[in-house]
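# Breakdown of the fold
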Amino acid sequence: MNLCYNIDFEIAAAIFDMVLWICMNYFFTTNSSVSRSFRDMVMWTMITIVFDIISALTISYGVIVPLGINKILTTVFFLCSVAFGYSFYRYIGAYITDNRRKAWTAIFSRVALSIVGILLVANLRLGLVFSFNKEDGYVRGPLYIIMVIFPICFIAIAVVVALLNKEFFALRQIVSIGIFSLLVIIGDVVQVFVMPSTLIVFFFISVGIWVLFLTMENPDYIIFIDAVNSLKSDNLKSRELTKNALSVYEANKALVKTIINELKKPINKINAHSQRILAKTANQDILNDADKIIDNVKKIKDTLNEIDDYIGLSDDEIKLDIKEYSPKEMLRECADNVRYDLAGKNVDFQCDIDDKLPKKLFGDRDRISQIISSILFNAIKFTQAGSIKLKALWKQLDADKGKMSVEVTDTGVGMRPEEVDYLEKSINSGVAGANKMAKGRGLGLNIASRLLALMGSKLHLKSEYGKGSSFSFDIEQGINKPIEVKAINLGKISDEDSLSKTEDKVEKILSRPNLNQDILKEKLEEVRLSKEKKERTPIVIKEKENKYEKAKATKKILPKEVGLQKQKEAKLVHGDIIKFQNGLHNFDVEVGLKYCMNDAKFYRDMLNTYVENEKLGDLLTYLKLEDWESFMITLRSISNTSQTIGALELSREAKSLELSYKKEDKKDYTEKAKHFIDSYRKTINIIRNFNEEDEKNG
């Protein structure tokens, strides 16, 4: 048997109303009388549609369903339809705040509902509204039209009430109420006169309810829209504040770079003059003081370089310099530096290098050495007793590349689980300052993490409080040729895509009670004016009465001019490097030039001074007399000056000899002393030959 009615529109309406009702109850939870009335109206609409669909099905299958059940279901449907009309009437009445006007409408509604209840109860026996029999099925009674019109009457009276009390309603609300009423009438007309076999009235009613909702009849929706608009406004303000804060950051970053560059010049001069003092004096007190100056200058330079590297890595300015290098030599150099730093400490150092490690690899030797040195320095800093182990393994991946695994373990103080979490967040994001709980483990490891990210790797950490820590990483290196490795993007603070991630942080900063808002506004205004002029005013730091203050520049240097000047200087330095490298075999010329501020003439002067103050005779005399204390003082002086001119192999040999002397292994340091004197003599001869060739070539 086919259905007597088409219920497709009613099913769609039921789904619409169910979605709206769920949203109203779980997302828009304002508990005002208007909101409750609106939710009740949606609920009664949904219930009425459900019973309309059920009664349509039971009427269609009247042969199977008992007549009594059909009669009860249809009665419930009519009661629900009247309840829907009444709920709309109550919804409109909820807007009226005049209690006197509400009183007579309440009396009318109670009388009307009483009449409906009496009529439907009487219908169960008399069949005045509808009835069922086996021959005809569903039969409409003489009062059927009254039950159809009753819900419409409630709606019509609600419209009249709204018009009579229009001072309680906005114009858009009156319009939306009119549209809703019109849709109800259209639905009834279509079903009665156009599509009598299709249940479509409540489809039009559901559309009308959505019109009420979407035209902001519901206060919950008004609150929702206001919240969205407020959020958009706050978001725009936050983004503007973030951009301004980033502009201040860029200005401060430029200032920091300027300060670093300005500090490096006097530091290099202090170092060069200290080296000359070492070369010219034999006074032990002066030598010790000069050594301390050089050591502290080196620490200052390392710190400045770390800051410079961190800024460059944060802005993706640093690129890898891939070239051929000896991994075993690089690892032994790192190990020698550790042994030298651990001299006098009760810490055992072990270096385990895999025999499978190739003689030559392609990668950035200096940066890999920097990463390993940072990790080793961290281990030395937090290990007062016990052991530190550097382990390097090799795994062949194919004919052209392999994976070098490096691990540094120590038996230091270790870290608690919460400290490990903070440190991991810091080193894996590359953001300094995220590891406040792991004090002292910051900038070096952050830079190491950033450099590893450029190489497509990550720094891994294991630690147990009281037992020690382990840091490790794996990097792919080329064997026969350079290989391409995809870098890991840790992001940068100036990236526009990351603005939304920093907005909340900026807002927190700006909302701090101790923040000087006037200073911040002043800085933002300076940045704005600088942008308008589209030029940068160089900042010069000068010392006056023990205070640093900003001085006006006499001449503005355009960025383009600075770039051309740097390019010109780079070409000169590159030409000098080639000339020096051809004559100074086994010298790291770039290091020597850096110590001499990339000044070729200054570097030549340092080479001449090194030869003029050679101490071969002193070393041979001290060795013959076994005056090891004087020998070591002279050795330390030679080691420092050798490092300054780029004779790094000789400097490392001197450090190894000094370490053997501290261990009191006389046989070992005696043999090493003889070998060092030979190496020292060869180094002096290399410089002399270079100077002679340089003079011949003009």
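Conventions and cut-offs
- Residues numbered from 1 in each chain as written.
- Predicted model: local features only at pLDDT ≥ 70, side-chain atom pairs only at ≥ 80, totals over all residues.
- Heavy atoms only, no water.
- Core = buried A, V, L, I, M, F, W, Y, C linked by side-chain atoms within 4.5 Å.
- Buried < 20%, exposed > 50% of the residue type's maximum accessible area, 1.4 Å probe, protein only.
- Helix = DSSP H or I, 4+ residues; strand = E, 2+ residues; numbered from the N terminus.
- Contact = heavy atoms within 4.5 Å.
- Patch = residues over 30% accessible without salt bridge, like charges linked within 9 Å, V, L, I, M, F, W, Y side chains within 5 Å.
- Areas by Shrake-Rupley, 256 points an atom, 1.4 Å probe, with all protein chains shown as cover.
- Salt bridge = Lys/Arg side-chain N within 4 Å of Asp/Glu carboxyl O.
- Axes fitted to C-alpha atoms, helices over the stretch in contact; angles between N-to-C directions.
- Parallel < 35°, antiparallel > 145°, perpendicular 65-115°, else oblique.
- Left-handed = near helix turned anticlockwise from the far one by under 90°.
- Nonpolar A, V, L, I, M, F, W, Y, C, P; charged D, E, K, R; others polar.
- Polar contact = N/O pair within 3.5 Å; in protein donor to acceptor, adjacent residues only side chain to side chain.

### As for the nonpolar core
- By size, the foremost hydrophobic cluster in this structure holds 53 residues, and its most contacted members are Phe38, Phe78, Phe88, Tyr91 and Phe180.
- Elements that contribute at least two residues to this core include exactly α1 (8-26), α2 (33-60), α3 (67-93), α4 (99-126), β1 (130-133), α5 (144-164), α6 (171-194) and α7 (201-214).
- Element by element, the count of residues in this core is highest for α5, at nine residues.
- Setting aside residues no more than four positions away along its own chain, Phe78 makes contact with Leu120, Val129, Phe130, Tyr138, Tyr144 and Met147.
- If you look at the next biggest cluster of nonpolar residues, it comprises 41 residues, including Met330, Ala392, Val420 and Leu452.

### What about a nonpolar patch on the surface?
- Taken together, the side chains of Ile185, Val189, Val192, Phe193 and Val194 present a nonpolar region at the surface, about 510 Å² in accessible area.
- Relative to the helices and strands, Val189 resides in helix α6.

### Here's the deal with the packing of helix α10 (residues 327-341) against helix α11 (residues 365-381)
- Here α10 crosses α11 at 30°, and the two axes come no closer than 10 Å. Relative to α11, α10 is oriented roughly parallel. As α10 runs across α11, the sense of the crossing is right-handed. Two secondary-structure elements touch here, α10 through Glu329, Met330, Leu331, Glu333, Cys334, Val338 and Asp341 and α11 through Arg365, Ile368, Ser369, Ile372, Ser373, Leu376 and Ile380.
- When its residues are assigned to classes, the contact of α10 with α11 shows eight nonpolar, two polar and four charged.

### Quick notes on unusual backbone geometry
- Positive phi outside glycine occurs at Asn586, with the angle close to 65°.
- On the basis of relative accessible area, Asn586 is assigned to the exposed category, the value being 70%.

### Describing the environment of Asn691
- Topologically, Asn691 is positioned in helix α22 (residues 666-696).
- Overall, the relative accessible area of 15% leaves Asn691 in the buried class.
- Put simply, Asn691 and Gly583 are 108 residues apart on the chain and 8.8 Å apart in space, counted from C-alpha to C-alpha.

### A few points about the side chain of Gln173
- As for its position among the elements, Gln173 is in helix α6.
- By relative accessible area, Gln173 is classed as buried at 7%.
- A polar atom in the side chain of Gln173 sits 3.5 Å from the side chain of Tyr95.

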